[in-house]
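A look at the structure
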Amino acid sequence: GSLDGVYENLQDASVKPGQRKKLEEGVQSARESYVLATIRRDAPIEFLPEENLWTLTPSGELYDICRRLGFGRFIEKWGLTPGEDAAPEPVFEGECRSTVVTDEAGMDAALTAMAGGTAYIWCGEGLDLVVFEHGDDAWILDENAYSGDYDKALCKLFSPAVTKAGHDIKDIQRRLLARRIGGGENWVFDSALAAYLLDATASSYEIERLCPKYCGFTLARTNDDGQMSLLEEDTNRLAEYLQRGAAVACLEEAMGPKLKENGMERLFYDIELPLCPVLAEMEQTGFLVDRQALYDFGQSLTDRIAALQSSIWERAGGEFNINSPKQLGEVLFERLMLPAGKKTKTGWSTNADVLDRLRDKHPIVGEVLEYRELTKLKSTYADGLLKTIGPDGRIHTTFQMTVTDTGRLSSREPNLQNIPVRRELGAGIRRMFVAGPGNVLVDADYSQIELRLLAHISGDETMINAFRSGEDIHAVTASQVFGVPLAEVTHNTHLFMGR
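Keep in mind the model is a prediction, meaning the values are calculated, not measured. (Residues numbered from 1 in each chain as written. Predicted model: local features only at pLDDT ≥ 70, side-chain atom pairs only at ≥ 80, totals over all residues. Heavy atoms only, no water.)

Structural notes on the overall build of the protein
From N to C terminus, the protein includes 21 helices and 14 strands. Taking 499 residues into account, the globule formula puts the C-alpha radius of gyration at 23 Å, and the protein, at 31 Å, lies well above it. For the protein, the spread of C-alpha atoms along the three principal axes comes to 100 × 70 × 60 Å. In the protein, which comprises 499 residues, the share counted as buried stands at 35%. The contacts of the protein with a sequence gap of at least 6 include a subset with a gap of at least 24, amounting to 58%. In the structure as shown, the protein presents an accessible area of about 30900 Å², 51% of it carried by carbon and sulfur atoms. Once the 53 positive and 77 negative side-chain charges of the protein are each reduced to a mean point, those two points are 8 Å apart. (Helix = DSSP H or I, 4+ residues; strand = E, 2+ residues; numbered from the N terminus. Rg over C-alpha atoms; globule rule 2.2 N^0.38 Å. Buried < 20%, exposed > 50% of the residue type's maximum accessible area, 1.4 Å probe, protein only. Contact = heavy atoms within 4.5 Å. Areas by Shrake-Rupley, 256 points an atom, 1.4 Å probe, with all protein chains shown as cover. Lys, Arg positive; Asp, Glu negative; His and termini not counted. Charge placed at Lys NZ, Arg CZ, Asp CG, Glu CD.)

Structure, rendered in structure tokens:
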């Protein structure tokens, strides 16, 4: 009931000898800890909470604040707009002399005019419309207007002889590969990648967001009523491409010095840019999957899930929706009277932590946890991966270079970096990914790279000596932590330290 009550009942039989000894020896510590852990409800404060409530209303002033601080999400969330007296934001029109390239001679003339310079490129999803610009001139490649071999024209534009820059160039390279065209060489700038290195925590790197931040102008265009809109008609689409191609050149001019200032040049030019064609080729190649084995695996999961469902219903004394937290909570805590965890507004909490604590209280809990795991495996992986297999029998994921805060790649549609491996059933999913005929899969990984970096940076002699001698760093750590000779470190202790 209270700390005093604990000490008044120290001799009670329910108090274990070890607990009693610690409490007797730590009276002062216990009382100090109690004081520190108690929330003071009479702490002196110089203001009233109601005086500090949010009072700002959507206004031009709030828009200016959010824009200055780069809070683009808040501007969108609250629908903020500039004040009536605010000067209009400069709109970048990207005006230049544009020429439609209609044949091979026109293509050669364009490349000659750009010789020695950089082609700033903006293109459509299927490369049916490509705009490339240099200085005050722009050229338009339109598949519908080109009279010659359009793919040959693309080969010339994206050849290693042409210096190129763009936005999200890995995606452009992937589209080129889809048309059996190269194009991964001699790219010197990517405005999306540069923005990512300069601010890895930004919410997105669309060129529309980058121009106001780095160049001071917006790419948004307006309708007759003055409202911002996307460009949809063909003529507007071309204007948009011309505008954005020129914007890439402006961004390179603005971002280049910032990359140097932040010590990012080598990372950008020697690692990130050369990685783009590698990832594009990986995406285009895809990963071969044993479709039949994956289907059979899904069927085996279906059988096991059905058996678990029957067993759970039998233990519960009736049928219910196992996937419904509300119904499951009623079964566990009201029908079976298991020790309750916490109750939410919608019913009993049945999350993984709650159920894991109840695993030893009733056989149904372990079965529910296994049921959840198997249904996740089936829906997300067995069934989910089957849907993503292409006509070539391969899964083609997309690697994202500008998503994580830490610089790691991420994978989507589907996520191939999140295939389960810890349990035997989960590892079975990985076995569905196979090598093509005449090939083998090779798994290469750094050995404890983070700990090696830590040893180098910290200069810790024990860690350094363990790595130099070839000893297992986790076993060495376990030996010191538990005070046992290295040779006596058990497998379980080793696993505990590794975890």
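On we go.
Some words on the environment of Lys156
Positionally, Lys156 belongs in helix α7 (residues 150-157). Only 3.0 Å separates the side chain of Lys156 from the side chain of Glu104, close enough to count as a polar contact. (Polar contact = N/O pair within 3.5 Å; in protein donor to acceptor, adjacent residues only side chain to side chain.)

Things to note about the nonpolar core
If you look at the biggest cluster of nonpolar residues, it comprises 58 residues, and the most contacted ones within it are Met107, Val130, Phe132, Leu141, Leu157 and Phe158. The residues contacting Leu157, other than those within four sequence positions of it, are Met107, Leu111, Met114, Ile121, Val130, Phe132, Leu141, Val162 and Lys164. Counting 35 residues, the second largest nonpolar core, distinct from the first, contains Leu332, Leu355, Leu358 and Ile419. (Core = buried A, V, L, I, M, F, W, Y, C linked by side-chain atoms within 4.5 Å.)

Section: the pattern of salt bridges
Going through the model one piece at a time under the given rule, you end up with 24 salt bridges. Across the salt bridge formed by Asp108 and Lys156, the nearest N and O atoms sit 2.7 Å from each other. Residue Asp108 is located in helix α6 (residues 104-114), and its partner Lys156 is located in helix α7; the two are separated by 48 residues in the primary sequence. Arg304 is the partner of Glu370 in a salt bridge, and the nearest nitrogen-oxygen pair spans 3.1 Å. (Salt bridge = Lys/Arg side-chain N within 4 Å of Asp/Glu carboxyl O.)

Things to note about the packing of aromatic side chains
Under the defined criterion, the tally for this structure stands at 10 aromatic pairs. One aromatic cluster is present, built from ring pairs that chain together Phe71, Phe74 and Trp78. (Phe/Tyr/Trp six-rings, centres within 6.5 Å; stacked < 30°, edge-to-face > 60°.)

What about the packing of helix α13 (residues 291-316) against helix α16 (residues 363-388)?
In the contact formed by α13 and α16, the axes pass within 9 Å of each other and the chain directions differ by 155°. The orientation of α13 with respect to α16, classified from their angle, is roughly antiparallel. With respect to the hand of their crossing, α13 and α16 are arranged in left-handed fashion. When grouped by side-chain class, the residues that make up the contact of α13 with α16 number 18 nonpolar, 5 polar and 6 charged. (Axes fitted to C-alpha atoms, helices over the stretch in contact; angles between N-to-C directions. Parallel < 35°, antiparallel > 145°, perpendicular 65-115°, else oblique. Left-handed = near helix turned anticlockwise from the far one by under 90°. Nonpolar A, V, L, I, M, F, W, Y, C, P; charged D, E, K, R; others polar.)

Focus: a nonpolar patch on the surface
Taken together, the side chains of Trp54, Leu56, Ile65, Leu69, Phe71, Phe74 and Trp78 make up a nonpolar region of the molecular surface, amounting to roughly 650 Å² of accessible area. Of all the elements in the fold, those that place two or more residues in the nonpolar patch are α4 (60-69) and α5 (72-78). Note on placement: Leu56 falls in the loop between α3 (27-37) and α4. (Patch = residues over 30% accessible without salt bridge, like charges linked within 9 Å, V, L, I, M, F, W, Y side chains within 5 Å.)

Re the pairing of strand β2 (residues 118-123)
The buried fraction of β2 is high, at 6 of 6 residues. Of the two faces of β2, the one holding Thr118, Tyr120 and Trp122 and the one holding Ala119, Ile121 and Cys123 are both buried throughout. With 3 bridges connecting them, β2 and strand β5 (residues 163-166) associate as parallel partners. In the sheet register, Thr118 faces β5, and the bridge partner there is Thr163. Sheet analysis places β2 next to strand β3 (residues 129-134), joined by 4 bridges and oriented antiparallel. For Ile121, the partnering residue across the bridge sits in β3 and is Phe132. Between β2 and β3, which follow one another and run antiparallel, lie 5 residues, and Leu127 among them has a positive phi close to 65°. (Pairing = 2+ DSSP bridges.)

A few points about the state of the cysteines
According to the stated counting rule, one finds 0 disulfides in the structure shown. Cys215 provides the cysteine sulfur closest to Cys250, a residue in no disulfide bond, and the two sulfurs are 5.5 Å apart. Exposure remark for Cys250: the relative accessible area of 24% places this residue in the partly exposed category. Cys123 provides the cysteine sulfur closest to Cys276, a residue in no disulfide bond, and the two sulfurs are 13 Å apart. (Disulfide = S-S within 2.5 Å.)

Here we look at the packing of helix α8 (residues 169-178) against helix α12 (residues 265-285)
Running from N to C, α8 and α12 point in directions that differ by 40°, and their axes come no closer than 8 Å. In terms of orientation, α8 lies oblique with respect to α12. Note that α8 runs across α12; the crossing there is right-handed. Between α8, through Ile169, Lys170, Gln173, Arg174, Leu177 and Ala178, and α12, the contact on the second element is made entirely by Leu273, Cys276, Pro277, Leu279, Ala280, Glu281, Glu283 and Gln284. Its residues assigned to classes, the contact of α8 with α12 shows 8 nonpolar, 2 polar and 4 charged.

Here we look at the sheet that holds β2
The strand order across the open sheet formed by 6 strands is β1-β4-β3-β2-β5-β6, and the pairing between neighbours is mixed. The sheet is open, and its two borders are formed by β1 (97-101) and β6 (187-190), each paired with just one other strand. Ignoring strand direction, the axes of neighbouring strands in this sheet form an average angle of 25°. When β5 meets β6, the two strands line up parallel, connected through 3 bridges.

Digging into the side chain of Ser410
By the element assignment, Ser410 lies in strand β14 (residues 410-412). Under the relative-accessibility criterion, Ser410 is labelled buried at 12%. For Ser410, the contacting residues outside a window of four places in its chain are Thr398, Phe399, Gln400, Val403, Thr404 and Gln417.

Spatial relationships are all this shows, so hold off on functional conclusions.
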